[in-house]
Amino acid sequence: MSEILDSAIAKVSDAKCAFCRFITANDTGKNGSHQSGFYIPKCAAPLLFETPGVKGENKDRFVEVKWQDSFTTESRFIYYGQGTRNEYRITRFGKNFPFFEEDNVGDLLVIAQYNETYYYGYVLQSDQDIEDFFAYFNLSSETTNQLIDVKQAITQ
């Protein structure tokens, strides 16, 4: 197991709330979209906010995310509820954020909430790390894009 995988498993195991999904071309902006940041589905809104967003209103908050145990971003959690939009995103990673490259499409994004304003973020890149992460938490590629049921994984 890699050090990043070991750390991701430990942080998710201890998290108040955790989530994983595969990075898409839309996330990286490499498909020409005007979206920014990582899309978070509505089912995972508790990772970002204590109460869900309300259609017709935008809301946001700022948090620190420590990535790969090496650098921290002051990122923004946002719910876009105005106009035709109705979605959650994590934005504001800085110009040199290394995980918005074409090579990252298909990597596994893992977000773990430590406390209300501090999170850990990991991008698992190797197929073996992704498989081992899935095995530890009893997940599959079909069960990503939602909150991770840490209690279920630990009791297995």
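Data block above holds the structure.
Residues numbered from 1 in each chain as written. Predicted model: local features only at pLDDT ≥ 70, side-chain atom pairs only at ≥ 80, totals over all residues. Heavy atoms only, no water.

The phi dihedral of Gln68 falls on the positive side, at around 55 degrees, and the residue is not glycine. With respect to the element layout, Gln68 can be found in the loop between β3 (59-67) and β4 (71-80). Not every positive phi belongs to a glycine, and Asp69 is a case in point at roughly 60 degrees. (Helix = DSSP H or I, 4+ residues; strand = E, 2+ residues; numbered from the N terminus.)

Nonpolar side chains tend toward joint burial in soluble globular proteins. In terms of nonpolar packing, the biggest core is built from 25 residues, with Phe38, Leu48 and Trp67 touching the most fellow members. Where this core is concerned, the elements lending two or more residues are β1 (17-22), β2 (38-40), β3, β4, β5 (87-91), β6 (108-113) and β7 (118-124). Counting residues per element, this core draws most heavily on β3, at 3 residues. With residues near it in sequence (within four places) discarded, Trp67 still touches Phe38, Thr73, Phe93, Phe97, Leu109, Ile111, Gly121, Tyr122 and Val123. Core analysis: the second largest hydrophobic core is formed by 21 residues, Val12, Ile130, Phe133 and Ile148 among them. (Core = buried A, V, L, I, M, F, W, Y, C linked by side-chain atoms within 4.5 Å. Buried < 20%, exposed > 50% of the residue type's maximum accessible area, 1.4 Å probe, protein only. Contact = heavy atoms within 4.5 Å.)

The next point concerns the sheet that holds β1. Within the open sheet, the 8 strands sit side by side as β2-β5-β4-β3-β7-β6-β1-β8. Their pairing is mixed. The two strands at the open ends of the sheet, each matched to only one other strand, are β2 and β8 (146-147). Contacting β1, β6 and β7, helix α1 (residues 3-14) runs over the sheet at an angle of about 140 degrees to β7. Docked against the sheet, helix α3 (residues 127-136) engages β1, β6 and β7, running at close to 45 degrees with respect to β6. (Pairing = 2+ DSSP bridges. Axes fitted to C-alpha atoms, helices over the stretch in contact; angles between N-to-C directions.)

Turning to the packing of aromatic side chains, a few remarks are in order. All chains considered together, the criterion is met by 21 aromatic pairs. Taken together, a centroid distance of 6.0 Å and an interplanar angle of 85 degrees make the contact between Phe22 and Phe134 edge-to-face. A residue pair is termed long-range when its members are at least 10 positions apart, and Phe22 in strand β1 and Phe134 in helix α3 qualify at 112 residues. When its relative accessible area of 25% is taken as the criterion, Phe22 is described as partly exposed. With 5.4 Å between their ring centres and 80 degrees between their planes, Phe97 and Phe99 make a pair best called edge-to-face. In this pair, the class of Phe97 matches that of Phe99, namely buried. Across the ring face of Tyr120, the terminal group of Lys11 is positioned such that the distance to the ring centre comes to 4.8 Å. Sitting over the face of the ring of Tyr80, Arg85 holds its NZ or CZ atom 3.8 Å from the ring centroid. (Phe/Tyr/Trp six-rings, centres within 6.5 Å; stacked < 30°, edge-to-face > 60°. Lys NZ or Arg CZ within 6 Å of the ring centre and 35° of its normal.)

Moving on, we come to the packing of α1 against α3. The geometry of α1 relative to α3 is characterised by a closest axis approach of 10 Å and an angle of 25 degrees between their N-to-C directions. Looking at the two axes, α1 sits roughly parallel to α3. The two elements α1 and α3 meet at a crossing, and its hand is right-handed. Residues Leu5, Ala8, Ile9, Val12 and Ser13 of α1 touch α3, and the partners they reach there are Asp129, Asp132, Phe133 and Tyr136. (Parallel < 35°, antiparallel > 145°, perpendicular 65-115°, else oblique. Left-handed = near helix turned anticlockwise from the far one by under 90°.)

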